[in-house]
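Analysis of the macromolecular model
Okay, here's what each chain looks like letter by letter:
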Amino acid sequence: MQMDSSQEHSSSCIMKETGGGLQRVLCMQGGDDDSSYAKNSEAPASAISLCRPLLLTAIQSMKVFFRNKEEAQSLRIADLGCATGYNTLATIDMVVDALRQQYMSQCGFEPEFEAFFSDLPSNDFNSLFRSLSNPGILSDKKTKQYYAAGVPGSFYARLFPRGKLHVAVSLSALHWLSQIPDAVLDKRSAAWNKGRVWIDGAKKEVVEAYAKQSEKDLEDFLSCRKEEIVQGGMLFLLMGGRPASQQPKNQLGDPDSRAKHPFTTSLDQAWQDLINEGLVDEETRDGFNIPAYMRSTEEVERAIKRCGGFEIERMEYRSMEEHSQEKQKQWMRDPISYGRAKANLVRATLGPFAEAHLGPYLSHQLFIRFQNRVSSDIALLHKTCFYGVVVVCAIRT
């Protein structure tokens, strides 16, 4: 089956627009169906659980901002790149609870709290705020513990007035870049990423283009937070990452993780299936590049020091399994179910982006091919995929 002229024109236009207009189409899949981010955020939830003790310890070490109830204003917390679903609500509840306990123990009163949920305008804020109106989603609490607001916009730009925030957290979001590097989308460039959709194992020029974009993005992010966070306030970051010893071309570490990661082999094969079937051409595939970069601890530390205004309290690299051994054994007995679960995961993270590039029909066909590839690769089930994360706690000086 060949694309008709309207499909071909639409795909071409989208491919040209996606680099500059990435904020318009890069978001987690909204809603609450099987392919929504809300139903497929187990890995970010595991990462948040992993860093929970570090976040709580960091909050407990913060100095209080108001010594008595008379001078107390509201404490302001922002979740940057909040997406939707349980994770973001659990994070804000955790921060508010920790700050409340700290004020009660040190000052004998509870300040009021403002919580800002921020993400790109394409984020499903409707689902997020419907969840906020459901008091039973997290616990048996009858009312919310804070005043909530949504702040649409890119965290690579200013989002709040100067000195507005006391705590800013960004969990499992900063590895997403502001744009695909222009050189990667230019057929005349040495960084044209032909035959692939991501950078793990790509040629040097592609990796260098992504690394340069990542460096600029992180510096922009930090410069904005430097203006927005009050002196003594905290910036807590968790992002996909790699250890300092690992070169940028090796984004995922070990061969099993590289083989099993949803952005690599199976997705490349699914794209090739569409090409072989005449559904898309190679140029359409080559114009689709996942705008993600796993920074090393060294890269993060260098950016923070260059920005100034922050003192790193703690920074470390951690690795975690993609899913439990029990779930892996379950999927070994049912490979079809595993393929469906992995396809839902990829839809949840890349669905709107793929649809903007291909249109609804072809993006659906891509995920079907991905599901079939994963379901039929029995050897994949015997591999263990590890996700690496970099965790940072920094205090505004």
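So, here is what we can say about the structure in this document.

Cut-off values and rules
Residues numbered from 1 in each chain as written. Predicted model: local features only at pLDDT ≥ 70, side-chain atom pairs only at ≥ 80, totals over all residues. Heavy atoms only, no water. Axes fitted to C-alpha atoms, helices over the stretch in contact; angles between N-to-C directions. Helix = DSSP H or I, 4+ residues; strand = E, 2+ residues; numbered from the N terminus. Parallel < 35°, antiparallel > 145°, perpendicular 65-115°, else oblique. Contact = heavy atoms within 4.5 Å. Nonpolar A, V, L, I, M, F, W, Y, C, P; charged D, E, K, R; others polar. Expected span 1.5 Å × (residues − 1). Salt bridge = Lys/Arg side-chain N within 4 Å of Asp/Glu carboxyl O. Buried < 20%, exposed > 50% of the residue type's maximum accessible area, 1.4 Å probe, protein only. Polar contact = N/O pair within 3.5 Å; in protein donor to acceptor, adjacent residues only side chain to side chain.

For any two helices packed against each other, one specifies the crossing angle of their axes together with the interaxial distance. The contact between helix α11 (residues 325–333) and helix α12 (residues 335–358) brings their axes to 5 Å, and the two run at 120 degrees. With respect to α12, the element α11 is oriented oblique. Contacts between α11 and α12 pair Trp331, Met332 and Arg333 from the former with Pro335, Ser337, Tyr338 and Ala341 from the latter. Per-class residue counts for the contact of α11 with α12 are five nonpolar, one polar and one charged.

With 21 residues, helix α4 (residues 86–106) extends 30 Å from end C-alpha to end C-alpha; this agrees with the ideal 30 Å at 1.5 Å per step. Gly108 sits one or two positions beyond α4 and adopts a positive phi of about 80 degrees.

With that settled, consider the side chain of Gln102. Turning to its location among the elements, Gln102 is positioned in helix α4. For Gln102, the contacting residues outside a window of four places in its chain are Ile59, Gln60, Met62, Val64 and Cys107.

Right, let's talk about the pattern of salt bridges for a bit. Counted by the stated rule, this structure contains 22 salt bridges. Of the charged contacts, one joins Arg188 and Asp186 as a salt bridge, the two residues approaching to 3.1 Å between their closest N and O atoms. The class of Arg188 is exposed, set by a relative accessible area of 77%. A residue is classified by how much of its surface remains accessible, and Asp186, at 24% relative accessible area, is partly exposed. Residues Arg225 and Glu228 are paired through a salt bridge, measuring 2.7 Å at the closest nitrogen-oxygen approach. With Arg225 and Glu228 both in helix α6 (residues 204–228) and three residues apart, this pair spans about one turn of that helix. Neither Arg225 nor Glu228 differs from the other in exposure class; each is buried. Through salt bridges with shared partners, one network takes in Lys194, Glu282, Arg285 and Asp286.

To continue, consider unusual backbone geometry. For Ala83, which is not a glycine, the phi torsion comes out positive at approximately 55 degrees. Structurally, Ala83 is set in the loop between β1 (75–80) and α4. Classification of Ala83 by relative accessible area gives buried; the value is 6%. We note that Ser172 has phi near 60 degrees; this positive angle belongs to a residue other than glycine. For Ser172, the position within the fold is in the loop between β4 (165–171) and α6. Accessibility expressed as a relative area gives 16% for Ser172, which makes it buried.

Turning our attention to the side chain of Arg369. Its location among the elements puts Arg369 in helix α13 (residues 360–376). Here Arg369 falls in the buried class, since its relative accessible area comes to 12%. A distance of 2.7 Å separates polar atoms of two side chains, one belonging to Arg369 and the other to Glu277. Here Arg369 is in contact with Ala270, Asp273, Leu274, Glu277 and Leu279, once residues within four sequence places are set aside.

Honestly, it's all geometry; don't read function into it.
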